[in-house]
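Residue strings, one per chain:
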Amino acid sequence: MPITEAFRQAAIRVHTHGSRIRRTVPTMRSRRDPLHVHELTPGRSARLILSAFLLALLTGTGLLMLPLATVAPGSTDVITAAFTATSALCVTGLITVDTATYWTPFGQVVIICLIQVGGLGVMTFTTMLGILLSRRLGLSARLLTSAETKSGGGARLVVARIVGTTLVIEGTAATILFLRFLLHYDYSVGTALWHGVFHAVSAFNNAGFALYTLNVMDFSGDAVVLLTLSSCVILGGLGFPVLAELRRHIRIPHRWSMNTRLVLFATPLLLLSGTVFILVLEWSNPATLGSQSPAVKVLNAFFQSTISRTAGFNSIDISQMHPVSWLGMDILMFIGGGPAGTAGGLKVTTFGVLFFIALTEIRGGAAVPVLGKQLSRSVQREAITVVVLAAGAVIGGSMLLMLTDQSLGLDRVLFEVVSAFSTVGLSTGITPALEPFAQCVLIALMVMGRLGPVTVAAAIAYGRRPPSFGLPKERPLIG
């Protein structure tokens with residue numbers, strides 16, 4: 001059948017069948033195209049994600065419970081193994097035991113493998129979700145999204161590009177760290193190589209696990225180490241779609257998609273504002289930045305601003321920061337990084353959408369313009385839904401933690417809960433001392449934070465059906 005005839009018949013199906021479309025362009029799918037879109041439903045996709053995640057989690061927990069994984073004789077308890085496996089798989093970084101001294105090299109290898117699987121798995125799924133969604137929504141939307149993202153080539157090519165990009169960035173960072181540890185700190189070749197690879201993988205996947213008891217506080221004055229880790233965190237947090245688009249059109253900004261524009265607009269703004277915020281509040285704090293030189297203060301403030309979105313490294317003592325600094329970092333952690341990347345949080349695109357909605361409403365506009373393009377009305381509802389559900393999870397988690405131990409202050413509890421839900425991994429130091437039930441609450445928050453927004457967004461987008469009738473409209477009083 002000619003291509004034009006196939007497009008014509010597909011358009012007729014879109015117009016005729018409406019919400020009952022199962023195969024948008026049946027005659028256009030080649031044998032090489034592995035994306036069987038008609039088989040995907042919200043329930044099926046959610047079950048697939050959860051099944052794969054639980055399988056990896058159970059495997060990681062089992063491996064960490066082996067006597068070979070711990071330094072002390074015998075095996076670790078279930079809660080410790082499950083918490084560490086969840087934190088690694090969700091690329092969070094929260095810990096209940098010291099990674100450097102509690103786990104053997106075997107246990108550390110299990111942790112870094114879980115980090116890589118968790119980071120690559122979610123990044124691959126969310127990227128493929130964008131492609132599948134564009135095909136599921138019909139011919140016109142598919143053509144528009146194809147022109148917008150240039151993501152053709154099939155699933156295998158997309159996955160190969162994601163893996164290739166990951167390995168290039170991690171390999172470059174590992175080489176820099178290896179040379180730094182080897183030449184400047186006199187590590188042995190094997191130790192320098194292992195530490196370089198471990199921290200490069202942990203940084204790009206926004207995990208924040210470190211092979212040092214004080215995390216990376218010993219490198220608070222080392223710009224090479226901190227800026228290398230920061231660069232990995234930023235690149236991983238941009239998301240693969242942004243990295244791919246920059247690779248193709250870095251010198252042609254007018255061809256960037258709305259997603260890329262939002263991410264590149266919000267990321268520098270949040271990095272700069274976070275740096276200034278931490279500098280102002282911690283400049284004279286002797287337990288954090290107070291004793292450092294001005295240049296080192298700026299370096300560490302920038303590092304912690306970067307890490308707050310959303311990797312769990314720390315070059316200063318988080319537990320000694322001002323409570324207002326915690327609250328500001330709560331906001332940065334809750335926002336997170338870019339979509340379809342290794343960062344957590346609700347994503348800068350979600351909050352960017354809400355910002356432009358509010359700005360349009362204040363100005364009295366109708367359509368919502370976003371950096372030179374018009375925002376789809378359905379995206380507005382999706383953003384609001386995700387934020388409301390996330391806020392409910394954070395509030396509920398905070399209440400549960402405070403019920404388990406009433407001596408815990410709200411500022412520390414909120415910080416820990418937001419860090420877990422946003423898969424950041426920063427801690428005020430209370431996580432290891434929490435009751436087992438409270439640690440299980442954090443486990444649930446990490447899983448919800450890593451998979452919840454993705455599955456909710458997918459369910460909303462895939463499950464949308466046009467109403468068969470309309471209800472009368474009214475306007476309640478707002479504010």
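Residues numbered from 1 in each chain as written. Predicted model: local features only at pLDDT ≥ 70, side-chain atom pairs only at ≥ 80, totals over all residues. Heavy atoms only, no water.

The protein appears in an unreviewed UniProt entry as TrkH family potassium uptake protein from Kocuria rhizophila.

Enquirer: Is there a simple way to explain the overall build of the protein in this structure?
Expert: The secondary structure content of the protein amounts to 17 helices and two strands. Within the protein, the proportion of its 479 residues that are buried is 50%. Per element, the accessible surface of the protein, about 22400 Å² overall, is 68% carbon and sulfur. (Helix = DSSP H or I, 4+ residues; strand = E, 2+ residues; numbered from the N terminus. Buried < 20%, exposed > 50% of the residue type's maximum accessible area, 1.4 Å probe, protein only. Areas by Shrake-Rupley, 256 points an atom, 1.4 Å probe, with all protein chains shown as cover.)

Enquirer: Help me out: how do you make sense of the side chain of Thr96 in this one?
Expert: Here Thr96 is to be found in the loop between helix H3 (78-89) and helix H4 (99-102). In this structure Thr96 comes out as buried when scored by relative accessible area, which is 13%.

Enquirer: Looking at this structure, I do not really get a nonpolar patch on the surface. What am I missing?
Expert: The grouping of Leu63, Leu66 and Leu68 at the surface amounts to a nonpolar patch, some 250 Å² of accessible area in total. For Leu68, the location among the structural elements is in the loop between helix H2 (42-64) and H3. You can call Leu68 exposed: its relative accessible area is 55%. (Patch = residues over 30% accessible without salt bridge, like charges linked within 9 Å, V, L, I, M, F, W, Y side chains within 5 Å. Salt bridge = Lys/Arg side-chain N within 4 Å of Asp/Glu carboxyl O.)

Enquirer: Would you take a moment to explain the nonpolar core for this structure?
Expert: What tends to happen in soluble globular proteins is that the nonpolar side chains get buried as a cluster. Counting 105 residues, the largest nonpolar core has Ile115, Phe181, Phe313, Leu401, Phe421, Leu426 and Leu445 as its most contacted members. Among all residues touching Leu401, those that are not within four sequence positions of it are Leu408, Val413, Val417, Leu434, Ala438, Val441 and Leu442. Core analysis: the next-biggest nonpolar cluster, separate from the first, contains nine residues, Leu262, Phe356, Ile357 and Leu375 among them. (Core = buried A, V, L, I, M, F, W, Y, C linked by side-chain atoms within 4.5 Å. Contact = heavy atoms within 4.5 Å.)

Enquirer: Just checking my understanding: could you explain empty space enclosed by the protein for this structure?
Expert: By rolling a water-sized probe across the atoms, one finds the places where empty space is left. Scanning the model with the defined rule gives two cavities of 30 Å³ or more in all. Of the volumes computed, that of the second largest cavity is approximately 60 Å³. Along its surface, the second largest cavity is lined by Val233, Ile234, Gly237, Leu238, Thr267, Leu271, Thr306, Arg309, Gly337 and Gly338. Put simply, the parts of the chain that give the lining of the second largest cavity at least two residues each are helix H9 (223-238) and helix H11 (258-282). (1 Å grid on protein atoms, 1.4 Å probe; cavity = no way out; pocket = protein on both sides within 12 Å on 5 of 7 lines; lining within 4 Å. Points joined across faces, edges and corners; volume = space filled by probe spheres on them.)

Enquirer: What is the right way to look at the packing of aromatic side chains in this model?
Expert: Centre distance and the angle of the planes are the two values used to describe a pair of aromatic rings. Summed over all chains, the structure comprises 12 aromatic pairs. Centre to centre, the rings of Tyr212 and Phe219 are 5.2 Å apart; their planes meet at 70°, and the pair counts as edge-to-face. Classification of Tyr212 as buried rests on a relative accessible area of 12%. Residue classification places Phe219 among the buried positions, given a relative accessible area of 3%. Through successive ring pairs, a cluster of aromatic residues spans Phe181, Tyr185, Tyr187, Tyr212 and Phe219. (Phe/Tyr/Trp six-rings, centres within 6.5 Å; stacked < 30°, edge-to-face > 60°.)

Enquirer: Whenever I open this one, the pattern of salt bridges confuses me. Can you help?
Expert: Should their charged atoms come close, side chains of opposite charge can pair. Inspection of the entire model under this criterion finds one salt bridge. The shortest N-O distance in the salt bridge between Arg180 and Asp222 comes to 3.1 Å. Here Arg180, found in helix H7 (residues 154-183), pairs with Asp222, found in the loop between helix H8 (189-204) and H9; they are 42 residues apart in sequence, far enough to count as distant. The class for Arg180 is partly exposed, based on a relative accessible area of 22%.

Enquirer: Can you walk me through H8 in this structure?
Expert: Because each turn of an α-helix spans 3.6 residues, side chains separated by three or four positions in sequence point in the same direction. Spanning 16 residues, H8 covers 22 Å between terminal C-alpha atoms, matching the ideal 22 Å at 1.5 Å per step. Buried within H8 are the following residues: Ala192, His195, Gly196, Phe198, His199, Ala200, Val201, Ser202, Ala203 and Phe204. At the exit of H8 stands Asn206, carrying a positive phi of roughly 55°. (Expected span 1.5 Å × (residues − 1).)

Enquirer: What should I look at first to understand the packing of helix H15 (residues 377-404) against helix H16 (residues 410-421) in this one?
Expert: Close contact between H15 and H16 brings their axes to 9 Å; oriented N to C, the two are set at 130°. Regarding the angle of H15 to H16, the classification is oblique. Crossing of H15 against H16: the hand is right-handed. Two secondary-structure elements touch here, H15 through Ala390, Ala393, Val394, Gly397, Ser398, Leu401 and Met402 and H16 through Leu410, Val413, Leu414, Val417, Val418 and Phe421. Taken together, the residues that form the contact of H15 with H16 break down as 11 nonpolar, two polar and no charged. (Axes fitted to C-alpha atoms, helices over the stretch in contact; angles between N-to-C directions. Parallel < 35°, antiparallel > 145°, perpendicular 65-115°, else oblique. Left-handed = near helix turned anticlockwise from the far one by under 90°. Nonpolar A, V, L, I, M, F, W, Y, C, P; charged D, E, K, R; others polar.)

Enquirer: Could you clarify how one ought to interpret the environment of Met321 in this entry?
Expert: For Met321, the location among the structural elements is in the loop between helix H12 (294-307) and helix H13 (323-335). Along the backbone, Met321 and Glu282 are 39 residues apart, and their C-alpha atoms lie at a distance of 7.0 Å. The residues touching Met321, leaving out its near neighbours within four places in the chain, are Ile278, Glu282, Asn285, Thr288, Ile316, Trp326 and Met329.

Enquirer: Explain the environment of Gly236 here, please?
Expert: Structurally, Gly236 is set in helix H9. For Gly236, a relative accessible area of 0% translates into the label buried. Distance from Gly236 to Thr342, taken between C-alpha atoms, is 5.3 Å for residues 106 residues apart in sequence. Apart from residues no more than four positions distant in its own chain, Gly236 is found in contact with Phe204, Asn206, Gly341, Thr342 and Ala343.

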